[in-house]
Amino acid sequence: AQSVTQLGSHVSVSEGALVLLRCNYSSSVPPYLFWYVQYPNQGLQLLLKYTTGATLVKGINGFEAEFKKSETSFHLTKPSAHMSDAAEYFCAVSDLVTSGSRLTFGEGTQLTVNP
Amino acid sequence: DVKVTQSSRYLVKRTGEKVFLECVQDMDHENMFWYRQDPGLGLRLIYFSYDVKMKEKGDIPEGYSVSREKKERFSLILESASTNQTSMYLCASSFLFWTGDHEQYFGPGTRLTVT
């Protein structure tokens, strides 16, 4: 079975600092990986996704993530945090063999950006 | 832009009431999903549907049922609401996995309170 672990349920950074949100996955076959963002009282919005090909994926709002198969990781980064980045972030995994269209989500990381 | 709409943003119901949550998508997606979101537990899949009149149980189907009579509409039904069903409910839709682009698009959520 697939699983996703997001290290750190809460991460706090200063405005302008590097954002690093960690995601490790477990999958027995090549995974599809996603990062979603959720602003207060809203649904989830796709930030970026990895399917095949280039392992460094760029998304919206200046975020990017790198798929590292050897480390089973898909960490999300942004070079310089902005106040508007404060939100909850979810990592998710699927594969075409065991889960089809279903996504398995991590428990989420709440990002706080301090002025 | 993909649009997923949910019938209510906030809903307050009494214990024992029958509750209908409706979701409509406008992207001709085959898949539709219902999740509940609770603090510290992330997103948990209740039911999903990959075609009209088809449904599959997710991870926590107990106490819920679903209906999909039209491709664009997916309803979640709480036959007899209980206080432990107080939660945020999120609807999502996606193409079938073999298209490659099977990321899920989410509605804004319905915050249900059962008193």
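Here the structure is shown first, and the text comes after it.
Parameters at a glance
Residues numbered from 1 in each chain as written. Chains lettered and ligands numbered in written order. Predicted model: local features only at pLDDT ≥ 70, side-chain atom pairs only at ≥ 80, totals over all residues. Heavy atoms only, no water. Pairing = 2+ DSSP bridges. Helix = DSSP H or I, 4+ residues; strand = E, 2+ residues; numbered from the N terminus. Axes fitted to C-alpha atoms, helices over the stretch in contact; angles between N-to-C directions. Contact = heavy atoms within 4.5 Å. Buried area = accessible area lost by both parts, 1.4 Å probe. Salt bridge = Lys/Arg side-chain N within 4 Å of Asp/Glu carboxyl O. Polar contact = N/O pair within 3.5 Å; in protein donor to acceptor, adjacent residues only side chain to side chain. Buried < 20%, exposed > 50% of the residue type's maximum accessible area, 1.4 Å probe, protein only. Disulfide = S-S within 2.5 Å.

Turning our attention to the sheet that holds strand β1 (residues 4-6) of chain B. All names here are of chain B. Strand order in the open sheet formed by 4 strands is β1-β3-β8-β7, with antiparallel pairing between adjacent strands. Both edges of this open sheet fall to β1 and β7 (65-70), since each of them pairs with a single strand only. Taking the axes of each pair of neighbouring strands and ignoring which way they run, one obtains an average angle of 20 degrees across the sheet. Bridge count for β7 against strand β8 (residues 73-78) is 4 bridges, and the pairing is antiparallel. Across the sheet, Lys70 pairs through a bridge with Arg73, a residue of β8.

It is worth spelling out the interface of chain B and chain A at this point. The interface of chain B with chain A comprises 29 residues on the first partner and 22 residues on the second. When chain B packs against chain A, the two sides together hide about 1900 Å² of surface, and 54% of this comes from carbon and sulfur. Looking only at chain B, the three residues that lose the most surface to chain A are Phe97(B), His102(B) and Glu103(B), adding up to 28% of its buried area. One can count 2 salt bridges joining chain B with chain A. Its salt-bridge partner being Arg102(A), residue Asp59(B) comes within 3.1 Å of it at the nearest N-O pair.

Residue and element names in this part refer to chain B. Within the secondary structure, Thr86 is located in the loop between β8 and β9 (87-94). For Thr86 and Leu112, which are 26 residues apart along the polypeptide, the C-alpha to C-alpha distance reads 5.4 Å. Beyond its immediate sequence surroundings of up to four residues, Thr86 is in contact with Arg36, Asp38, Leu112, Thr113 and Val114. In terms of polar contacts, Thr86 uses its side chain to reach the backbone amide nitrogen of Val114, at 2.9 Å.

Moving on, we get to the sheet that holds strand β6 (residues 56-58) of chain A. All names here are of chain A. With respect to topology, 5 strands assemble into an open sheet ordered β1-β3-β8-β7-β6, the strand pairing being antiparallel. The open sheet is flanked by β1 (3-7) and β6, the only strands paired with a single partner. Between one strand axis and the next, the sheet turns through 20 degrees on average, direction left out of account.

This paragraph deals with the environment of Phe95(B). By the element assignment, Phe95(B) lies in the loop between β9 and β10 (105-106). On the basis of relative accessibility, which here comes to 26%, the residue Phe95(B) falls in the partly exposed class. A C-alpha to C-alpha distance of 28 Å links Phe95(B) and Tyr10(B), two positions 85 residues apart in sequence. Sequence-distant contacts of Phe95(B), defined by excluding residues within four places in its chain, comprise Ser101(A), Met27(B), Asp28(B), His29(B), Glu30(B), Asn31(B), Asp101(B) and His102(B).

This part covers the state of the cysteines. In this structure the tally under the stated criterion is 2 disulfides over all chains. At a sulfur-sulfur separation of 2.0 Å, the disulfide partner of Cys23(A) is Cys91(A). What sets the handedness of the Cys23(A) and Cys91(A) disulfide is the S-S torsion sign, and at about -65 degrees it is left-handed. Pair noted here: Cys23(A) is in strand β3 (residues 19-26) and Cys91(A) is in strand β9 (residues 87-94), with a separation of 68 residues, a long-range link. An identical accessibility class is assigned to Cys23(A) and Cys91(A); each is buried. Here Cys23(B) connects covalently by a disulfide to Cys91(B), the sulfurs 1.9 Å from one another. Between Cys23(B) and Cys91(B), the S-S torsion sits near -80 degrees, and that sign places the bridge as left-handed. Here Cys91(B) lies in strand β9 and Cys23(B) lies in strand β3 (residues 19-25), a separation of 68 residues in the sequence. Of the residues examined, Cys91(B) reaches a relative accessible area of 0% and is grouped as buried.

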